[in-house]
Amino acid sequence: MRLLPVLSCTGLLLGWELLVRGLEIPPYTLPAPSLVAETLWRDLPTLAPSWWFTMKITFGALALACAGGVLVASAFALWRPLEVALLPVAVMLQVTPLVAIAPLILIYVESTTAALLLCAWVVAFFPILSNTLLGLRAADPNLRDLFRLYGATRWQRLRLLLVPSALPYFVGGLKISGGLSLIGAVTAEMIAGVAGRETGLASRILEASFRTQTPRMFAALALLVVTGVLIFWAFGALDRRLLGRWHASKIR
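About the cut-offs
- Residues numbered from 1 in each chain as written.
- Predicted model: local features only at pLDDT ≥ 70, side-chain atom pairs only at ≥ 80, totals over all residues.
- Heavy atoms only, no water.
- Core = buried A, V, L, I, M, F, W, Y, C linked by side-chain atoms within 4.5 Å.
- Buried < 20%, exposed > 50% of the residue type's maximum accessible area, 1.4 Å probe, protein only.
- Helix = DSSP H or I, 4+ residues; strand = E, 2+ residues; numbered from the N terminus.
- Contact = heavy atoms within 4.5 Å.
- Polar contact = N/O pair within 3.5 Å; in protein donor to acceptor, adjacent residues only side chain to side chain.
- Expected span 1.5 Å × (residues − 1).
- Bend = angle between axes of the 7 residues up to and from the residue.
- Patch = residues over 30% accessible without salt bridge, like charges linked within 9 Å, V, L, I, M, F, W, Y side chains within 5 Å.
- Areas by Shrake-Rupley, 256 points an atom, 1.4 Å probe, with all protein chains shown as cover.
- Salt bridge = Lys/Arg side-chain N within 4 Å of Asp/Glu carboxyl O.

K.L.:
Break down the nonpolar core for me, with residues and values.
P.N.:
Grouped burial of nonpolar side chains is what soluble globular proteins tend to show. Ranked by size, the top nonpolar core spans 19 residues in total, and within it Leu129, Leu136 and Leu162 carry the most contacts. Put simply, the parts of the chain that give this core at least two residues each are helix H3 (44–78), helix H6 (112–137) and helix H8 (154–192). Element by element, the count of residues in this core is highest for H6, at six residues. In this view, Leu129 contacts Gly69, Val72, Ala73, Phe76, Leu87 and Ala90; residues no more than four positions away in its chain are not counted. If you look at the next biggest cluster of nonpolar residues, it comprises 14 residues, including Ile57, Ala102, Ala115 and Ala185.

K.L.:
Outline the side chain of Asp239, supporting the account with residue identities and numerical values.
P.N.:
Within the element layout of this structure, Asp239 appears in helix H10 (residues 214–243). A relative accessible area of 4% places Asp239 in the buried class. Here the side chain of Asp239 touches Lys175 through a polar contact of 3.3 Å, side chain to side chain.

K.L.:
I'd like a description of helix H4 (residues 80–95), backed by residues and values.
P.N.:
Given a rise of 1.5 Å per residue, 16 residues ought to cover 22 Å, and the 23 Å separating the end C-alpha atoms of H4 matches this to within 8%. At Leu86, H4 shows its largest bend, some 40°, and a proline, Pro88, comes one to four positions later.

K.L.:
Before we move on, could you go through a nonpolar patch on the surface and cite the residues and values that matter?
P.N.:
There is a patch of nonpolar side chains on the surface, built from Trp79, Leu82, Leu86, Val89, Val91, Met92 and Val95 and spanning about 610 Å² of accessible area. Inspection of the secondary structure puts Val95 in helix H4. With a relative accessible area of 58%, Val95 lands in the exposed category.

Worth remembering: the numbers are spatial, not functional.
This is the structure we're talking about:
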């Protein structure tokens, strides 16, 4: 079963290679996977710093989303009027397209790096908030009554009951936000159209498109795809590590 994803991806790449070679499609239209891999290896010294910049934006935004989402969800779970008052604001952030607000953020925030970080945070924040809040609300009502019966404080209820209940939901939100933060970082940089040394993979893709360097575009895109898959797998491993021994969803 574990080999099925590898076999399916290998089959897709092989079909792509045969299609390009069989139809003699020119590389500026659709490069073969072998050419993309060759270009990635050749341009790696140039693409690696840009990849690292994108990773800094991605994980910086994800860390801020985790910290902010957990804190706000905890406050909402403990004080219902606060949730009623402020949750619509979080929903408005989520439903507003990034391409619509990114230009405004780039205008109001002087630092381009800070603006890109904020754009990526906007799309990564809500899944953490909503999933964590859902988990905090999902605690067993009988255990809630037991904690009240023994006079537990709000902090004790949060630490000993609500947080363990919310952990599976938080990890699920983390897997979603990990990919969204990467998408947000790349999208914001494409909207910004920044150039120079301290730029990410989106800038390399834009430069390659302007110069009709299609293999290089695919090489940078492949690096982004592999990074996104690795982020998802890493959080999946964290999921199994944290929940594998006790949560019903991981017991087989």
